[in-house]
Amino acid sequence: MEIIKTLGEFIIDRQKDYPDASGELTSLFSSIRLAAKILHREINKAGLADITGAAGDENVQGEQQQKLDVYANERFKNALAQRGVVCGIASEEEEQFVRFEETKNLGGKYVVLIDPLDGSSNIDVNVSVGTIFSVYRRVSPEGEHVTEEDFLQPGHKQIAAGYIIYGSSTMLVYTTGNGVNGFTYDPTIGVFCLSHPNLRIPEDGTIYSINEGNYIHFPEGVKKYIKYCQEEDDATQRPYTSRYIGSLVSDFHRNLIKGGIYLYPTSSRYPEGKLRLLYECNPMAFLIEQAGGKAIANPGQRILDIEPKKLHQRCPLFVGSPKMVDKLEQFISELG
């Protein structure tokens, strides 16, 4: 009989790899797991409850907040505050970082940065969405209030990162720096079960993911790469397949499993890029590198080496199979 390993059991098994954690990471992941279950429930009844559509406010980026953005932000914030291991969070939906003021939280070792509901505008049309999270060890003294410097750390200092994808099934995929593992939620028993151990992205792929509707605004090197993807060449299995969902988690997850590249470049409309370095680019870069892939912002500029300057800093992102990223890098180096 096949033995099913749950997320909780898997984390406990791995605790021996982190002797300094003393169980705190297990507790932190329990908080994320709980919030994910609640969000899974709400997303799956979205067509029956009054939780779809716009909330009527804009977030700090000037984007229209959806009702589920607000709901997801509150659920994850509340869950992470309860166990005393997290001293504060920064969220894509909050203008400033959030201090957890209770005494138990002041001694927390960790901060969490989160995009509570990536792709939320797709909820109304029943398309997969996700949650992206990133965990750092605080740099401020334990016992004191968390500071902005705790959140403005380069991505290579992440101790954990992951995402939850709410689709035909709900999956949690994460890394703590020792590979990437995926867990599928079984709603009949209410647990995440190990379904994708030791995920590795194929070295090469045949899928490219980019919003080609913005083609006219892209740099020349990116335009040339897109044309390269569309050219016919049997030796390299071109033309490649174009797949773009509009939820970063969904596009990333497909390319991680099947092999491919995701592109969100700078453009005349977004000269610094559109995605957020801290909430989207860094966690996805950590995951892809742990799975054998590559993530850059520009030629020679590894995402995880960027020193953040502000909480909502934007950044271009090219992430996926290493050979595909290398090829793109050549085009950008030559043409800009």
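Our structure is the block above this text.
Being a predicted model, the structure only gives us computed values, none of them experimental. Residue numbers here run from 1 along each chain, matching the order of that chain's written sequence. In view of the model being predicted, local features appear only for residues whose pLDDT reaches at least 70, and side-chain atom pairs are presented and counted only at 80 or more, with totals across whole chains, interfaces and linings using the full set of residues. Hydrogens and water are ignored here; the side-chain numbers use all heavy atoms of the structure.

Asks: Would you explain the side chain of Arg254 in this entry?
Replies: With respect to the helices and strands, the residue Arg254 is situated in helix H6 (residues 248-258). We call a residue buried when its accessible area falls under 20% of the maximum for its residue type, exposed when it is over 50%, and partly exposed in between, using a 1.4 Å probe and counting protein chains only. Given a relative accessible area of 14%, Arg254 falls into the buried group. Only 3.0 Å separates the side chain of Arg254 from the side chain of Asp251, close enough to count as a polar contact. When checking whether two residues touch, look at their non-hydrogen atoms; a contact exists if any pair is within 4.5 Å. In this structure Arg254 touches Ile207, Ser209, Arg243, Ile245 and Gly259, once residues within four positions along its chain are discounted. Working definition: helices are DSSP H or I runs of at least four residues, strands are E runs of at least two. Numbering for both runs from the N terminus. The definition of a polar contact used here is a pair of N or O atoms within 3.5 Å, where within protein one atom must be able to donate a hydrogen and the other to accept one, and adjacent residues in sequence count solely through side-chain atom pairs.

Asks: Sorry, what's going on with helix H3 (residues 67-81) here?
Replies: Along an α-helix, residues three or four positions apart point the same way, because every turn accommodates 3.6 residues. Given the number of residues in a helix, its expected span is that number minus one, multiplied by 1.5 Å. Taking 1.5 Å per residue as the helical rise, H3 with its 15 residues ought to reach 21 Å, and the 22 Å between its terminal C-alpha atoms agrees with that figure. Of all the positions in H3, only Leu68, Asp69, Ala72, Asn73, Phe76, Lys77, Ala79, Leu80 and Ala81 are classed as buried.

Asks: In this structure, what is going on with the sheet that holds strand S7 (residues 158-166)? I would like to understand it.
Replies: Two strands in a sheet stick together by hydrogen bonds in their backbones, pointing the same way (parallel) or opposite ways (antiparallel). What the eight strands build is an open sheet, ordered S4-S3-S5-S6-S7-S8-S9-S10; its pairing is mixed. Bordering the open sheet on either side are strand S4 (98-99) and strand S10 (191-196), each of which pairs with just one other strand. A strand pair is defined by DSSP finding two or more bridges across the two strands.

Asks: Whenever I open this one, helix H7 (residues 277-290) confuses me. Can you help?
Replies: Within H7, twelve of the 14 residues are buried, which leaves the element mostly enclosed by the surrounding structure. Where H7 terminates, the next one or two residues include Gly292, which has phi positive at roughly 90 degrees.

Asks: How should the pairing of S10 be read in this particular structure?
Replies: By the bridge criterion, five bridges tie strand S9 (residues 180-186) to S10 in an arrangement that is antiparallel. The residue bridging Phe183 from the neighbouring strand is Leu194, located in S10. Hairpin remark: S9 followed by S10, antiparallel, with four residues in the connecting loop; positive phi at Gly190, about 75 degrees.

Treat this as a map of the structure, not an account of what it does.
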